[in-house]
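Tertiary structure, described
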Amino acid sequence: QVQLVESGGGLAQPGGSLRLSCAASGSIFSINTMGWHRQTPGKQRELVASITKGGSTNYADSVKGRFTISRDNAKNTVYLQMNSLKPEDTAVYYCNAIAVPTGGTYSRSYWGQGTQVTVSS
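Summarised in this report is the structure supplied together with it.

Rules of the game
- Residues numbered from 1 in each chain as written.
- Predicted model: local features only at pLDDT ≥ 70, side-chain atom pairs only at ≥ 80, totals over all residues.
- Heavy atoms only, no water.
- Helix = DSSP H or I, 4+ residues; strand = E, 2+ residues; numbered from the N terminus.
- Buried < 20%, exposed > 50% of the residue type's maximum accessible area, 1.4 Å probe, protein only.
- Contact = heavy atoms within 4.5 Å.
- Salt bridge = Lys/Arg side-chain N within 4 Å of Asp/Glu carboxyl O.

**Points about the environment of threonine 57**
Among the secondary structure elements, threonine 57 is positioned in strand E6 (residues 57-59). Taking relative accessible area as the criterion, threonine 57 reaches 41% and is therefore assigned partly exposed. Threonine 57 sits 24 residues away from threonine 33 along the chain, and the two C-alpha atoms are 9.4 Å apart. Dropping the residues within four chain positions of it, threonine 57 is found in contact with Ser50, Ile51 and Ile69.

**Let's talk about the side chain of aspartate 89**
The topology assignment puts aspartate 89 in the loop between strand E8 (77-82) and strand E9 (91-101). Setting aside chain neighbours within four positions, we find aspartate 89 in contact with Arg38, Arg66, Phe67, Ser84, Val117 and Val119.

**Some details on the pattern of salt bridges**
Within this structure, the stated rule accounts for four salt bridges. The residue aspartate 89 makes a salt bridge to arginine 38 at a minimum N-O spacing of 3.0 Å. Pair noted here: aspartate 89 is in the loop between E8 and E9 and arginine 38 is in strand E4 (residues 28-39), with a separation of 51 residues, a long-range link. Here aspartate 89 and arginine 38 have matching classes, each one buried. In this structure, the salt-bridge partner of aspartate 61 is lysine 64, at a minimum N-O distance of 3.1 Å. On the basis of relative accessibility, which here comes to 65%, the residue aspartate 61 falls in the exposed class. Judged by its relative accessible area of 49%, lysine 64 is partly exposed. In the salt-bridge network here, residues are joined through shared partners; they are Arg38, Glu46, Arg66 and Asp89.

Structure representation (structure tokens):
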């Protein structure tokens, strides 16, 4: 199986920065797209940013110009640099990976346990 472990969440002031990391481990044959989603109580989980194995990125309009997603394929790790944070960025952030497990034929979607990001003064 594939496990995703997030780190880097916490409390930041408006205008501040945080950096999230997510490392994938386990029986991994290959990882395709990796990304970050977020969810607040009573709302659906939404895509924040994603990045393909080749480095193509996609961002939600609400974070464009403020957040940057990157990945280290050698380490099976994806990062989310969050700058100019706003109170509305407060949410639980989940890492996601589309991966083919060792011995598998098809890719599957894997999720981390989530990390809380709170933006408040």
